[in-house]
Amino acid sequence: MKNKLKIVQLRTYTLSQAGGDYHAQNTDHWIVGEIATPMSIYPQYRSRRSSWGIDVLGTIVVEIEASDGSIGFGVSTGGQIASWIIEHHLSRFIVGQSPWNIEMMWDQMYRSTLYYGRKGVVMNAISAIDLALWDLLGHIRQEPVYAMLGGAVRDSLQFYATGPRPDVAKTLGFIGGKLPLQYGPASGEEGLRKNISAVREAREHVGDDFWLMLDCWMALDLPYAIQLAEAMMPYHVKWIEECFPPDDIWSYQALRQVLNRKMLVSTGEHEATRWGFRLLLDNAAADFIQPDVTWCGGITELVKIAGVAESHGVWVIPHGSSVYSYHFVITRNSSPFAEFLMMHKDATKVVPMFSPLLLNEPIPDNGRMKLSDNPGFGVELNREILMPLGNVSSAPS
């Protein structure tokens, strides 16, 4: 049967709101409000992240069907741009292949896009295809993805929560809360004082034993990051995350040297491939890394990234990405906990991260989660919100 099965069709769907592009939210959602970004240096783009187009790409869904009728799907950010790349270029490396040839398909997609890809939307497109292939193979083999990756190393997953309400996260059973930084260097001393005050108040609300972290989303420069981190030392912040643009490894390296593990320095959410993470780690630019499996190259590449990280003795704590990261994290001792993005508009309730796109999407209960043994990633598409017809690439008849 293995030799006879072929991939016969690849379909793409796009969504402007809900799903993989978690910034595509209504204007009253915390995630598109005033949070420091690289665009915060411009006053007209400071008060709302949605003002400069953080949500314009939308979601890409890739669905792949094998000749026995088995179907798998994957999700990422990229919308119509990613759909065009997949339909006009990448589909030729997928349709007609054996579903078992995931490594070869990944390599061909990567090599064929080197001259215009390597990171960003192209890698998002490759990631979505790769996730769909793993989901498909899981359905063919009737196994969950984590089993195909070698099996679980623990009974359940443990989570920290990302959002503006760490006090609520504590009551919901999470091990920690990661605050989004509201003000960047352009907001001056007043913004700095407000940032410090927010961390101080959070610590007062959650007590001494609850983890607090700070997500800076590429918004800082090195002098500001040092000043901010040193001012937060009394409040025992566990780590400071993604302070600089992903290519500025020198600032990450310098910040890490200054902090000297009194506060951990993390990054990698917007990095991709084993080579990008090797550059970070070879230059001692991060205490641990946070690849997003829907952006970094999919499960196939995340396994390789983890190998690089483990050889440096650092954690791999994937960024968000729901079930796609859960199936990886539960297989790795170097991933002792996972992130949960609080996608409720006020961050006061635990809701599925990709809702309403995924059906049966699991959520933590008291900060923990057991994965099901359902095939693939264990979720289904909510077809009621998909466009009636996706773009289709089929094998020749």
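Below is a short write-up of the structure. (Residues numbered from 1 in each chain as written. Predicted model: local features only at pLDDT ≥ 70, side-chain atom pairs only at ≥ 80, totals over all residues. Heavy atoms only, no water.)

Notes on the overall build of the chain
Phase 1 of the analysis: Looking only at helices and strands, the chain features 11 helices and 14 strands.
Phase 2 of the analysis: The buried share of the chain, taken over its 397 residues, is 58%.
Phase 3 of the analysis: Taking as baseline every contact in the chain between residues at least 6 positions apart, the subset at least 24 positions apart corresponds to 71%.
Phase 4 of the analysis: Entry remark: accessible area of the chain is about 15900 Å², with carbon and sulfur atoms responsible for 50%.
Phase 5 of the analysis: Each charge sign in the chain was given a centre, from 33 positive and 42 negative side chains, and these centres are 3 Å apart. (Helix = DSSP H or I, 4+ residues; strand = E, 2+ residues; numbered from the N terminus. Buried < 20%, exposed > 50% of the residue type's maximum accessible area, 1.4 Å probe, protein only. Contact = heavy atoms within 4.5 Å. Areas by Shrake-Rupley, 256 points an atom, 1.4 Å probe, with all protein chains shown as cover. Lys, Arg positive; Asp, Glu negative; His and termini not counted. Charge placed at Lys NZ, Arg CZ, Asp CG, Glu CD.)

Remarks on the packing of aromatic side chains
Phase 1 of the analysis: Applying the stated criterion to the full structure yields 18 aromatic pairs.
Phase 2 of the analysis: Relative to F337, the ring of W315 lies with its centre 5.1 Å away and its plane at 85°, an arrangement referred to as edge-to-face. Here W315 is found in the loop between α10 (298-311) and α11 (322-329), whereas its partner F337 is found in the loop between α11 and β10 (338-341), with 22 residues between them in sequence.
Phase 3 of the analysis: Its relative accessible area of 29% is what places W315 among the partly exposed residues.
Phase 4 of the analysis: In this structure, R49 packs its charged tip against the face of W217, placed 5.1 Å from the ring centre.
Phase 5 of the analysis: Residue placement shows K238 over the ring face of W211; its charged tip is 4.4 Å from the ring centre. (Phe/Tyr/Trp six-rings, centres within 6.5 Å; stacked < 30°, edge-to-face > 60°. Lys NZ or Arg CZ within 6 Å of the ring centre and 35° of its normal.)

Considerations on the sheet that holds strand β2 (residues 59-66)
Phase 1 of the analysis: The strand order across the open sheet formed by four strands is β3-β2-β1-β14, and the pairing between neighbours is antiparallel. Looking at the sheet topology across the chains shown, the edges are occupied by β3 (71-77) and β14 (391-394). Pairwise comparison of adjacent strand axes, ignoring direction, gives a mean angle of 15° for this sheet.
Phase 2 of the analysis: With eight bridges connecting them, strand β1 (residues 7-15) and β2 associate as antiparallel partners. (Pairing = 2+ DSSP bridges. Axes fitted to C-alpha atoms, helices over the stretch in contact; angles between N-to-C directions.)

Quick word on the pattern of salt bridges
Phase 1 of the analysis: On inspection of all chains with the given rule, the structure shows 17 salt bridges.
Phase 2 of the analysis: In this structure, the salt-bridge partner of R165 is D167, at a minimum N-O distance of 2.9 Å.
Phase 3 of the analysis: By relative accessible area, R165 is classed as partly exposed at 35%.
Phase 4 of the analysis: Of the charged contacts, one joins K178 and E241 as a salt bridge, the two residues approaching to 2.7 Å between their closest N and O atoms. Residue K178 is found in strand β5 (residues 176-180), and its partner E241 is found in strand β7 (residues 239-241); the two are separated by 63 residues along the sequence.
Phase 5 of the analysis: Overall, K178 belongs to the buried group, its relative accessible area being 0%.
Phase 6 of the analysis: Overall, the relative accessible area of 1% leaves E241 in the buried class.
Phase 7 of the analysis: Residues joined in a network through salt bridges with shared partners are R11, E63, E65 and R383. (Salt bridge = Lys/Arg side-chain N within 4 Å of Asp/Glu carboxyl O.)

Some thoughts on the packing of helix α9 (residues 273-282) against α10
Phase 1 of the analysis: One way to put it is that α9 packs onto α10 with a least axis distance of 8 Å and a crossing angle of 20°. For the element pair α9 / α10, the angle class is roughly parallel. At the point where α9 passes α10, the crossing takes the right-handed sense. On α10, the residues touching T273, R274, W275, F277, R278 and L281 of α9 are E301, K304, I305, V308 and A309.
Phase 2 of the analysis: Split into classes, the residues belonging to the contact of α9 with α10 amount to six nonpolar, one polar and four charged. (Parallel < 35°, antiparallel > 145°, perpendicular 65-115°, else oblique. Left-handed = near helix turned anticlockwise from the far one by under 90°. Nonpolar A, V, L, I, M, F, W, Y, C, P; charged D, E, K, R; others polar.)

A word on helix α7 (residues 222-231)
Phase 1 of the analysis: If you check which residues of α7 are buried, you get Y224, A225, I226, L228 and A229.
Phase 2 of the analysis: Of the surrounding secondary structure, the elements contacted by the buried residues of α7 are α6 (188-206), β6 (211-215), β7 and α8 (249-259).
Phase 3 of the analysis: For α7, the side-chain oxygen to backbone nitrogen distance between the N-cap and Y224 is 2.9 Å, and the N-cap itself is D221. (Polar contact = N/O pair within 3.5 Å; in protein donor to acceptor, adjacent residues only side chain to side chain.)

Some thoughts on the environment of V316
Phase 1 of the analysis: With respect to the secondary-structure elements, V316 resides in the loop between α10 and α11.
Phase 2 of the analysis: Under the relative-accessibility criterion, V316 is labelled buried at 0%.
Phase 3 of the analysis: Separated by 257 residues in the primary sequence, V316 and T59 have C-alpha atoms spaced 25 Å apart.
Phase 4 of the analysis: Once residues within four sequence positions are removed from consideration, V316 is found in contact with I289, P291, L302, A306, A309, F328, S334 and S335.

A few points about the nonpolar core
Phase 1 of the analysis: By size, the foremost hydrophobic cluster in this structure holds 120 residues, and its most contacted members are I64, L220, L228 and I240.
Phase 2 of the analysis: For this core, the element with the most residues is helix α3 (residues 120-141), which contributes 13 residues.
Phase 3 of the analysis: Filtering out sequence-adjacent residues up to four positions away, L228 remains in contact with L181, L192, N195, I196, L214, L220 and I240.
Phase 4 of the analysis: The next biggest cluster of nonpolar side chains, apart from the first, holds eight residues, and it includes Y160, M213, F288 and I317. (Core = buried A, V, L, I, M, F, W, Y, C linked by side-chain atoms within 4.5 Å.)

A closer look at helix α2 (residues 102-112)
Phase 1 of the analysis: Among the residues of α2, I102, M105, W106, M109, Y110 and S112 are the ones counted as buried.
Phase 2 of the analysis: Contact partners of the buried residues in α2: β1, α3, α9 and α10.

Side note on the side chain of S325
Phase 1 of the analysis: Looking at the element boundaries, S325 is found in helix α11.
Phase 2 of the analysis: Among the residues examined, S325 registers a relative accessible area of 1% and is labelled buried.
Phase 3 of the analysis: Aside from chain neighbours lying at most four places away, what touches S325 is V293, P318 and G320.

Comments concerning a nonpolar patch on the surface
Phase 1 of the analysis: Together, V56, L57 and I81 make up a nonpolar patch on the protein surface, roughly 260 Å² of accessible area in all.
Phase 2 of the analysis: The topology assignment puts L57 in the loop between β1 and β2. (Patch = residues over 30% accessible without salt bridge, like charges linked within 9 Å, V, L, I, M, F, W, Y side chains within 5 Å.)

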